[in-house]
Amino acid sequence: MGKIADKYIKIDKWKIIEDGFNAYNGMVSESIFSLGNEYMGVRGYFDEGYSGEKLIGSYLNGIIEKDEIKLSNSYKGMVKNKTYMVNTVDWLYTRISIDGEELDLSRSNIREFKRILDMKQGILTREFIWDTSKGKSIKITFERFVSMVESKLGCQKIVFEPLNFSGNIEVESGLDFSRWHQAEKKNLWACPKKGKEKNIIAILGETLKSKQKVLSAFELKGVPEEIVRYFMEEKFVGVKFSLFLDKSKKRRLEKIVVNYAEKNISKTIEEVWKDGMAVAKKLCSIEYEKAFGQQRDYWESVWKSSDIVIEGDEENQQGIRYCIFQLYQTYHGEDSRFNIGAKGLTGEAYSGNTFWDTETYCLPFYIFNNPRAAKNLIEFRYKTLPEARKRAAELDCEGAFYPIATNDGSETCGLWQHASLQLQASTGVAYAIWHYDKLIEDKKFLYTKGIEMLIEISRMLASRGQWGQKNNKFGYFAVMGPDEFQMMVNNNFYTNIMGKKTLAYTLEVLIEMTLKAPQQLNEIEKKLKLCSQELEDWKLKEENMYIPYDEKTGIYEQHDGYFDLPHINIHSIPVEQFPLYHSWSYDRIYRNDMIKQPDVLMYMFLHNQEFSFETKKINYEYYEPRTIHESSLSPSIHSILASELKKYGEAFEFFKFATRMDLDNYNRNTNEGLHTTSIAAAWMNIVYGFGGMRSDGKILAFKPSIPDTWKSYSFNLLYKGTLLHFKIDNKFVTVYRINGPVVKVNIYDEDYLLDSNEVKIALQ
Ligand code: BGC
């Protein structure tokens, strides 16, 4: 697969440990040690400044800059404006010097470096001993966390311990808006206001074009007021002081920071300053230890309900906890104006954009762990429906066309073939509504916002599709399915069948509403001017949707003509040529039957129960050898299907990439940020893969297996308000209810009522 592990992180069940400073992996570690709390995220960069390779990245969810896309020729439908999650304020800014010598890990003499992310408590610690050129040795420990409880709060603690001297240390601490946005190679902030009110020092930044505002403020604790000198520059505010340290005695500083983001550009600088300072005054007074106590409690409750425990495989134990940790950090449903970027809040690649990944890869994790978050993710799509409507009109369609890449609902993907030809964001939203309703049964949502989105997506699907001349069947022409190595194809299997599914589901909900919610049906019909001819039209198109299938072999053809494409043996491609986007000419990628990520198999995962074991096997065996997994989303889906097909060795091989995708830098680009949406697939890989869960049928069903090398694994699922515990070992599958009403599940094709008794059955 062209993926090789780069292992330098120490294995530990609860901690991510870097033992010894590793400059070569500097930016990879910055990504790995990222912290976030949905509202903001900060890379694991060094607080004290560093002259080596780095990305001092600090992001606030939804804070974006915008720009024109410079095109020499622009046609209708091509995206003309881009938005990107912009690098904001370095709130950890610190500079340290002794005897005029500045601490800089790429130049200073340091030893006993250790960086530890403690996932149980949600805190990052870094420590080392610095031997100055004048022979002074000092141990310095940095600690930081972003509060999961107070989302605008970030806390930093620095502890100095002089080992062989008493004397002064010079410290600067501040808030720095002068950082570059790395992808644009420039700074994108103006700082129209700075100031000090009592102990709080603050700066207000405004993005140059989007005019969004961020107020950043801090209070420093542990330094006597009289020694502190307050100073400011154009895009910086901070303090300087000289601290006397006693030999062998620890001295600590605490910096309590508030970052307040305002996206509403009609708010004036003065208003944002006032609102932000009010929050800062409230939050900055908190004691570090108290805030940390809240943080610990938060994570304790997360792990209590959402942990996955693997016995007999510490590497993957660490890996899966890391995935769960990062998913919660990225999103936990605080605000439905936020979504999940492909890189979360950990880097600038993919510009902070949300893709169809949210609905197809991330949503199951939230449905089964945090339904409120699941709902808010779908609400995001409702809130951005007006943008999707605009996009449909730009593409000469009716209804709503959801963007393939977005920050705020508008399409921001500059590659027209992706932005205009991919329908999977729209069908993904419909799939999410269906999946959420199936598992959560939130009819209030379905009969109001859900149905509105479904109708608008169906309108788009009915207007975007056309009738083929030869077969007189309905289908989608000139599209790009999930396999992005094939563009402008006709009748892509995934697109057609997801279109069919969406139209059928919309009609089904409308019928359900005639019986169960006539009043709401009436309202939506009026609001959207829905008429019976339209429904008839959808029905006709749904019933006549062309599904490319070869009767002789039982293989669904990925798109018209796919079987005729020149074959390429993917194993003959030298490993150094991956990722192919970097080494092959763009069009060469399209000229063969090589697949980037699952397409036919993707649908067979999403609507798994519609296919027989035999059909899945035939299709898996045909498509898997043609797939190069250039997308990190790809291996887990193959692993899940391989488990089902009892190809256990293969399932485990694919699984290896999932939990440790970033910890072992499998795709060689973790430096750019984490593969946040792929790590959601790691959770699916265990629960849907080894756990054999299927959530698309009438009842939640399981066919568990266990990798040979594992002693056991266990996970919890929140299902219809009931928290269930599953444990699978080499002999048994044990399931019981932790709390909530009695529910029924299916295990190895038998239904079990989970009342007060545990169910224990032999592993098959
Ligand atoms: C994949 C897409 C995905 C995007 C963001 C691309 O490489 O092909 O399916 O949505 O990455 O993760």
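Up top is the structure these notes are about.
Participant: Sorry if this is basic, but what is going on with the overall build of the chain here?
Facilitator: Helix and strand counts for the chain come out as 19 helices and 31 strands. By the compact-globule yardstick of 27 Å for 764 residues, the chain fits well, its C-alpha radius of gyration being 27 Å. When the backbone C-alpha atoms are referred to their principal axes, the chain occupies close to 85 × 60 × 55 Å. Counting every position in the chain, which comprises 764 residues, the buried fraction comes to 63%. Here the analysis covers contacts within the chain between residues at least 6 apart in sequence; of these, 68% occur between residues at least 24 apart. Only carbon and sulfur atoms are counted for the fraction: they give 49% of the accessible area of the chain, which is about 28,800 Å². One way to put it: in the chain the 101 positive side-chain charges average out to a point 3 Å from where the 106 negative ones average out.

Participant: What should I look at first to understand helix α5 (residues 357-369) in this one?
Facilitator: With 13 residues, α5 ought to run about 18 Å at 1.5 Å a step, and its terminal C-alpha atoms sit 18 Å apart, in line with that. Along α5, the sharpest change in direction is near 50° and occurs at L363; proline P364 comes one to four residues later. Burial analysis of α5 places 13 of its 13 residues in the buried class, the great majority of the element.

Participant: Teacher, can you tell me more about the state of the cysteines here?
Facilitator: A covalent bond bridging the sulfur atoms of two cysteines is what the word disulfide describes. Evaluated as defined, the whole model comprises zero disulfides. Between C155, a cysteine without a disulfide, and C284, which holds the nearest cysteine sulfur, the sulfur-to-sulfur distance is 9.0 Å. Counting only cysteine sulfurs, C413 is the nearest neighbor of C397, a cysteine outside any disulfide, at a range of 16 Å.

Participant: Please clarify how the packing of aromatic side chains should be interpreted in this entry.
Facilitator: What characterises a pair of aromatic rings is the spacing of the ring centres plus the angle enclosed by the ring planes. Tallied over the entire structure, the rule returns 55 aromatic pairs. Taken together, a centroid distance of 6.3 Å and an interplanar angle of 70° make the contact between F46 and F113 edge-to-face. Placement of the pair is F46 in the loop between β3 (40-42) and β4 (58-60) and F113 in strand β9 (residues 109-118), with a sequence separation of 67 residues. The class of F113 is buried, set by a relative accessible area of 3%. With a centroid separation of 5.9 Å and an interplanar angle of 80°, the aromatic rings of Y436 and F445 are classed as edge-to-face. Neither Y436 nor F445 differs from the other in exposure class; each is buried. Between K255 and the ring centre of F218, over which it is positioned, the NZ or CZ distance is 5.1 Å.

Participant: How should the nonpolar core be read in this particular structure?
Facilitator: As a rule of thumb, nonpolar side chains are buried together in soluble globular proteins. Counting residues in hydrophobic clusters, the biggest one holds 209 residues, and the most contacted among them are F160, Y366 and F368. Take this core: its biggest share by element is eleven residues, from helix α10 (residues 443-464). Dropping the residues within four chain positions of it, F368 is found in contact with L439, W683, Y688, M693, S695, L700, L717, L718 and Y719. Formed by 22 residues, the second largest nonpolar core is a distinct cluster that contains L215, I256, V272 and A280.

Participant: Before we go on, may I ask you to explain the environment of E379 in this structure?
Facilitator: Counting through the fold element by element, E379 comes out in helix α6 (residues 371-383). Classification of E379 by relative accessible area gives buried; the value is 10%. Along the primary structure E379 and K516 are separated by 137 residues, whereas in three dimensions their C-alpha atoms are 22 Å apart. Not counting chain neighbours up to four residues away, the residues in contact with E379 comprise S336, F445 and K449. At 3.0 Å, the side chain of E379 forms a polar contact with the side chain of K449.

Participant: Just to check I follow, could you spell out the pairing of strand β17 (residues 229-233) for this structure?
Facilitator: On any regular strand, side chains alternate: one points to one face of the sheet, the next to the other face. The pairing of β17 with strand β18 (residues 236-245) spans five bridges and is classified as antiparallel. Across the sheet, R229 pairs through a bridge with K240, a residue of β18.

Participant: Hey, could you run me through the sheet that holds strand β25 (residues 701-702) in this one?
Facilitator: The strands making up a sheet associate through hydrogen bonds between their backbones, and the pairing can be parallel or antiparallel. Pairing is mixed in the open sheet, where three strands are placed in the order β25-β29-β30. Edge positions in the sheet fall to β25 and β30 (750-754), since each has one partner strand and no second. Relative to β30, strand β29 (residues 743-747) is paired through five bridges, and the arrangement is antiparallel. Across the sheet, residue I747 finds its bridge partner in β30, namely E750.

Participant: Just checking my understanding: could you explain the packing of α10 against helix α13 (residues 532-543) for this structure?
Facilitator: When two helices pack together, their arrangement is given by the angle between the helix axes and by the axis-to-axis distance. Closest axis-to-axis distance for the α10/α13 pair is 10 Å, and the angle between their directions is 60°. Judged by the inter-axis angle, α10 sits oblique to α13. The two elements α10 and α13 meet at a crossing, and its hand is left-handed. Facing I455, S458, R459 and A462 of α10, the residues of α13 in contact are E534, D537, W538 and K541.

What counts, and where the lines are drawn
- Residues numbered from 1 in each chain as written.
- Predicted model: local features only at pLDDT ≥ 70, side-chain atom pairs only at ≥ 80, totals over all residues.
- Heavy atoms only, no water.
- Helix = DSSP H or I, 4+ residues; strand = E, 2+ residues; numbered from the N terminus.
- Rg over C-alpha atoms; globule rule 2.2 N^0.38 Å.
- Buried < 20%, exposed > 50% of the residue type's maximum accessible area, 1.4 Å probe, protein only.
- Contact = heavy atoms within 4.5 Å.
- Areas by Shrake-Rupley, 256 points an atom, 1.4 Å probe, with all protein chains shown as cover.
- Lys, Arg positive; Asp, Glu negative; His and termini not counted.
- Charge placed at Lys NZ, Arg CZ, Asp CG, Glu CD.
- Expected span 1.5 Å × (residues − 1).
- Bend = angle between axes of the 7 residues up to and from the residue.
- Disulfide = S-S within 2.5 Å.
- Phe/Tyr/Trp six-rings, centres within 6.5 Å; stacked < 30°, edge-to-face > 60°.
- Lys NZ or Arg CZ within 6 Å of the ring centre and 35° of its normal.
- Core = buried A, V, L, I, M, F, W, Y, C linked by side-chain atoms within 4.5 Å.
- Polar contact = N/O pair within 3.5 Å; in protein donor to acceptor, adjacent residues only side chain to side chain.
- Pairing = 2+ DSSP bridges.
- Axes fitted to C-alpha atoms, helices over the stretch in contact; angles between N-to-C directions.
- Parallel < 35°, antiparallel > 145°, perpendicular 65-115°, else oblique.
- Left-handed = near helix turned anticlockwise from the far one by under 90°.

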